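Breakdown of the fold
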Amino acid sequence: MKLDAECVPDIPRYAVAVDCVLFGAAQDALEILLVRRGVAPFRDAWALPGGLVQPSESLVAAVLRELREETAVAPDFLEQLYTFGDVGRDPRGRVISVAWLGLVRPDRYPPLGATDAVEARWWPLSALPPLSFDHGAIVEVGRTRLRGKVRYQPIGFELLPERFTLTQLQSLYEVVLERPLDKRNFRRKVLRTGLLVDTGDKQEDVRHRPPVLYRFDTEQYRRLESQGYLFEV
C-alpha cells in the first residue's frame, strides 16, 4: 500500500553503531581486543572496535567491516550480544549501539590498527585499561554471555589451536567459568560427547609423558545439533 507523503509522521534521526567484544585466549588467560581511538571523542582512549553503521549495510556487514578496518581481524565466531541505548552514552548525540560477541584465536590474526584506530592490541580481561563510552558495561555483558554459553555450546573450541590437549581444553574452561573443574569428571564428560578426535599425534617439547593431541569434529557436531543434541560440560 502506497502512503501519502503528507500522512507519514516525521521520524527522529538517530545513529546506529556496532561494537564488538572480541575474546581470545593466550597462556591460560582470556584476552579482549581493544583499539586506541585516533579521533574525538575520547581521542587516545581505549575502546572496543566498532563504529557507525552505513545506510546501505546490514548490522553484521558493519561489524565485520569495522573489525577489518580497525584491527585486520576476522572472528571465527560472531553473534549479536545486546543493544545499548542509554541517552547519554555518546557525547556526539543519540547513538544506539548493537553489540556483538566474537571469538578468535589471537595467534591467527595479529591485530593492526588502521583508519580511526591508531593502535590495536590484545589486553588481559583481568587488567583492562579505562574504556571510553559505555564499553566497560558492554565488556561485562559479553563476559557473562561467554561464561553461560560455553556450558551448553562448544564455542570454547574457537579459542583453542586446531590441535589441543585435554589439559589445554580444561584450562580454557576454567578460565572462562572462573572456577576449577574436577579433572577426571571433566575429561569423562568431554570424551563421552564423541566430538573429540584423537589426531594420533602427541604434544612435543614437554618434560613429562607427552599428552595426546585432539581436534574438534565440527561436522559431527553440526550433524548432532540438527538432531537436537545439547553440548554440556
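Figured I'd write up the structure that's included with this text. Nothing here was measured: the structure is a model prediction, and the numbers come from that model.

So, on to the environment of proline 91. One can find proline 91 in the loop between strand S5 (77-84) and strand S6 (95-103). Of the residues examined, proline 91 reaches a relative accessible area of 58% and is grouped as exposed.

Secondary-structure assignment places aspartate 90 in the loop between S5 and S6. Overall, aspartate 90 belongs to the buried group, its relative accessible area being 5%. Engagement of the side chain of aspartate 90 in a polar contact is seen with the side chain of arginine 92, the distance being 2.7 Å. Ignoring anything within four residues of it in the chain, the contact list for aspartate 90 reads Pro41, Val95 and Phe133.

Turning our attention to the environment of leucine 48. Its place among the elements puts leucine 48 in the loop between strand S3 (46-47) and strand S4 (50-52). Put simply, leucine 48 and arginine 179 are 131 residues apart on the chain and 26 Å apart in space, counted from C-alpha to C-alpha. Residues contacting leucine 48, with those up to four places away along its chain left out, are Asp19, Cys20, Val21, Ile32, Leu33, Leu34, Val35, His135, Ile138 and Val139.

Between its first and last C-alpha atoms helix H3 (residues 166-177) spans 16 Å; for twelve residues at 1.5 Å apiece the expected length is 16 Å, and the two agree. Considered for burial, the residues of H3 that qualify are Leu166, Leu169, Gln170, Ser171, Leu172, Tyr173, Val176 and Leu177. Those residues of H3 that are buried are in contact with strand S1 (15-25), strand S2 (30-37), helix H2 (135-149), helix H4 (183-192), strand S8 (196-202) and strand S9 (212-216). Glutamate 178 lies just past H3 and shows a positive phi near 60°.

This part covers the pairing of S1. If a strand is regular, its side chains alternate between the two faces of the sheet. Of all the eleven residues making up S1, eight are buried; the element is thus mostly covered by neighbouring parts of the structure. As judged from the nine bridges shared by S1 and S6, these two strands associate in the parallel manner. Across the sheet, alanine 17 pairs through a bridge with serine 97, a residue of S6. Pairing of S1 with S4 involves three bridges; the strand directions are antiparallel.

This part takes up the packing of aromatic side chains. As enumerated under the stated definition, the model contains eight aromatic pairs in all. Seen from their ring centres, phenylalanine 157 and phenylalanine 164 are 5.6 Å apart, and the 45° between their planes marks the pair as tilted. An identical accessibility class is assigned to phenylalanine 157 and phenylalanine 164; each is buried. Between the aromatic rings of phenylalanine 157 and phenylalanine 216, the centroid separation amounts to 4.2 Å while the plane-to-plane angle is 10°, which identifies the pairing as stacked. Here phenylalanine 157, found in the loop between H2 and H3, pairs with phenylalanine 216, found in strand S9; they are 59 residues apart in sequence, far enough to count as distant. According to the relative accessible area criterion, phenylalanine 216 is buried, its value standing at 16%. By way of ring pairs, the aromatic residues Phe157, Phe164, Phe216, Tyr221 and Phe231 are connected into one cluster. For arginine 94, the ring lying beneath its charged end belongs to tyrosine 14, and the centroid distance is 5.3 Å. For the cation-ring pair, arginine 121 lies above tryptophan 123, with the distance from its terminal atom to the ring centre recorded as 3.8 Å.

Bringing the pattern of salt bridges into the picture now. The tally for this structure, following the rule as stated, stands at 15 salt bridges. Put simply, aspartate 19 and arginine 89 hold a salt bridge, and the shortest N to O gap is 3.9 Å. Here aspartate 19 is found in strand S1, whereas its partner arginine 89 is found in the loop between S5 and S6, with 70 residues between them in sequence. Measuring nitrogen to oxygen at the nearest pair gives 3.4 Å for the salt bridge that ties arginine 147 to glutamate 178. Of the two residues, arginine 147 sits in helix H2 while glutamate 178 sits in the loop between H3 and H4, which places them 31 residues apart along the sequence.

Reading guide: rules and limits
Residues numbered from 1 in each chain as written. Predicted model: local features only at pLDDT ≥ 70, side-chain atom pairs only at ≥ 80, totals over all residues. Heavy atoms only, no water. Helix = DSSP H or I, 4+ residues; strand = E, 2+ residues; numbered from the N terminus. Buried < 20%, exposed > 50% of the residue type's maximum accessible area, 1.4 Å probe, protein only. Polar contact = N/O pair within 3.5 Å; in protein donor to acceptor, adjacent residues only side chain to side chain. Contact = heavy atoms within 4.5 Å. Expected span 1.5 Å × (residues − 1). Pairing = 2+ DSSP bridges. Phe/Tyr/Trp six-rings, centres within 6.5 Å; stacked < 30°, edge-to-face > 60°. Lys NZ or Arg CZ within 6 Å of the ring centre and 35° of its normal. Salt bridge = Lys/Arg side-chain N within 4 Å of Asp/Glu carboxyl O.

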